[in-house]
Amino acid sequence: MEAVEEGHRRLSVAFATLGCRLNQADSEELARSFLERGYSVIQEATRADVVVVNSCTVTREADRQSRQLVRHIVHHNPHTLMVLTGCYPSIDPVEAAAVEGVDLVITNQEKAQLVDRVSRILQERGQALLPVLDDLPEPPPGWFGRTRVQLKVEEGCNNRCSFCIVPMARGRQRSRSIAECVEKVQRFVDEGYQEVVLTGTHLGGYGRDLTVRGSDGRYHPPGLADLLEAILIRTTLPRLRLSSVEPQDFPRQRLDLWSDHRLCRHFHLPVQSGSNAILRRMRRGYTRERYVALTEMIRSQVPGAAIMTDAIVGFPGEQEHDFADTCRLIEEVAFARVHVFPYSVREGTEAAAMPDHVAPSIIRQRSTTIAQLGEEAARCFRDAHAGQEAMVLWEEEVQPGVWQGLTDNYLRVRALSPERLHNRISRVRLVAPAGWGFRGQVIAP
Ligand code: SF4
């Protein structure tokens, strides 16, 4: 806890974030708000005055982990002000408030008030803040030295995929205006970030709740492609990345945007299943054929594209032949990465009440098979890059003189450099594949 002035000290806040990128983006925004109010943001929850646990509720297991995390932190830091926020209290605020050690519960809808409510409680407890404006910490050159920042451009989802509880936790879609997103991106650039990742609950639905005036004088909702174009034209951001986009919403008519090399060739398109029957039961809004056609279109127009996916294994009613369809799809599309999610029942979803649940032992076997296929596909994708050149954004020095970073198409690279490379983008030759990615050689800083 940092001394600021005799008789005062700056109060500290730490974050523990579970779940998706959107939660990470929320934690980063909250951290920024705390910094602007004169708090310091630290990494060690065990010594912070305030700890914010930003929880997830995607499965019952995620709820359990959120509770366990709260108890663990409070056990090691009993005097902290413990705030439980995120999707878990948004679905079940009563259960969340009853978790031992929780002082304040904030739902997703109330997150904008979180800093005010924490400050009020601290004042009531006699722990005054220091609103010394000229003593505010410098805006970080990346939060905790990070090179990449998430920007939440929308929140909420109007879809109703039958396995998903998230729309109930995040509500209906609300998008930030293009002007606000552009302004935030340029601010991140001015703070020294090299890469911005756009996130949202339902990123592909960005803008459907907004209207803008088009060149024809008419009003219409903007889309994700309009947002990408505005950021590329109106900011000096070196790298722009998209997080997960639902396949049916991907702006397939605007692949020309990827001719700007600042837009990362990284496409996370969650397929969930390769069986049309299961996709219908999931209420996904696309077919296997349409999904494959989209990936072919991307590959033909964006060479080197890394196409990644999520697959839910053992969804209710999944027969052997449905599972075989998913396996075939994974081999056919040649993904750069596959995230496997063994299906688990989530009360409150339509799928929980469906018949024909798959036995846990079968779900485990199928998950192992999909994970193996995914690893094989990832290896092939990586190895195909051997000998090529790529631009790498360096993130950290993993050993003295050994730097690690990512290409725009998400290959992890390590290279030797006596020079400090952190937060720089350099041209690299991808020399040899390794278990964790690629050994590289810096060609030009
Ligand atoms: S698109 Fe489907 S999976 Fe994604 S948040 Fe909305 S309901 Fe959930």
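Everything quoted here is computed from the prediction, not taken from an experiment.

Okay, helix α7 (residues 178–190) next. In this model α7 runs 18 Å from its N-terminal to its C-terminal C-alpha over 13 residues, within 8% of the 18 Å that 1.5 Å per residue would give. Residues Ile178, Cys181, Val182, Val185, Phe188 and Val189 constitute the buried set of α7. Projected down its long axis, α7 shows its buried positions confined to an angular sector of 125 degrees, all on one face. Looking at the packing, one finds that the buried side of α7 touches α1 (21–36), β8 (148–152), β11 (195–199) and α8 (224–234).

Moving on, we get to the domain arrangement of the protein chain. Examined at the domain level, the protein chain breaks down into domain 1 (3–135), domain 2 (141–264) and domain 3 (389–444). Here domain 1 and domain 3 have C-alpha centroids that lie 35 Å from each other.

This part covers the nonpolar core. With 62 residues, the main nonpolar core has Leu198, Leu227, Phe250, Trp258, Phe267, Leu269 and Ile298 as its most contacted residues. Broken down by element, this core gets its largest block of residues, 7 residues, from α8. Setting aside residues up to four positions removed in sequence, Leu227 forms contacts with Val153, Ile178, Cys181, Leu198 and Tyr206. Within the second largest apolar cluster, 19 residues are counted, among which are Ala31, Val83, Leu114 and Leu122.

Bringing the sheet that holds strand β16 (residues 306–313) into the picture now. The 3 strands lie next to each other as β15-β16-β17, forming an open sheet whose pairing is parallel. Across the chains shown, the open sheet's two edge strands, defined by having one partner strand only, are β15 (266–268) and β17 (337–342). Strand-to-strand twist in this sheet, taken as the mean axis angle between neighbours without regard to direction, amounts to 15 degrees. Relative to β17, β16 is paired through 6 bridges, and the arrangement is parallel. Directly across from Ala311, in β17, lies its bridge partner Val340. Seen against the sheet, helix α10 (residues 288–301) touches β15 and β16 and runs at an angle of roughly 160 degrees to β16. Each of β16 and β17 touches helix α12 (residues 360–383); the most contacted strand, β17, lies at about 170 degrees to it.

Another point: the sheet that holds β8. Taken together, the 3 strands give an open sheet; going across it, the order is β8-β11-β14, and neighbouring strands pair in parallel fashion. Lying at the two open borders of the sheet, with one neighbouring strand each, are β8 and β14 (239–242). Averaged over all neighbouring strand pairs, the angle between strand axes comes to 25 degrees, with direction disregarded. Docked against the sheet, α7 engages β8 and β11, running at close to 165 degrees with respect to β8. Contacts from α8 reach β11 and β14 within the one sheet, and its direction differs from that of β14 by about 165 degrees.

Criteria and cut-off values
Counting restarts for each chain: residues are numbered from 1 in the order of the written sequence. For this predicted model, a pLDDT threshold of at least 70 governs which residues receive local features, and a threshold of 80 or more governs which side-chain atom pairs are given and counted, while totals over whole chains, interfaces and linings are taken from all residues. As a rule here, side-chain values come from all non-hydrogen atoms in the structure, and water together with hydrogens is ignored. Numbering of helices and strands runs from the N terminus; a helix is a DSSP stretch of H or I covering at least four residues, while a strand is a stretch of E covering at least two. Take the number of residues in a helix, subtract one, and multiply by 1.5 Å to get its expected span. Only protein chains enter the accessibility calculation, which uses a 1.4 Å probe. A residue is then buried if its area is under 20% of the maximum for its type, exposed if over 50%, and partly exposed in between. Summarising the geometry, the arc corresponds to the directions from the helix axis toward the C-beta atoms. The contact criterion used throughout is that any non-hydrogen atoms of two residues lie within 4.5 Å. Here the limits of each domain have been adopted from an automatic or database domain assignment. As used here, the term nonpolar core means buried Ala, Val, Leu, Ile, Met, Phe, Trp, Tyr and Cys residues forming a set that is joined through side-chain atoms within 4.5 Å. Paired strands, as defined in this entry, are two strands with at least two bridges between them according to DSSP. Note on definitions: angles span 0 to 180 degrees between N-to-C directions of axes, and those axes are lines fitted to C-alpha atoms, for helices only across the stretch in contact.

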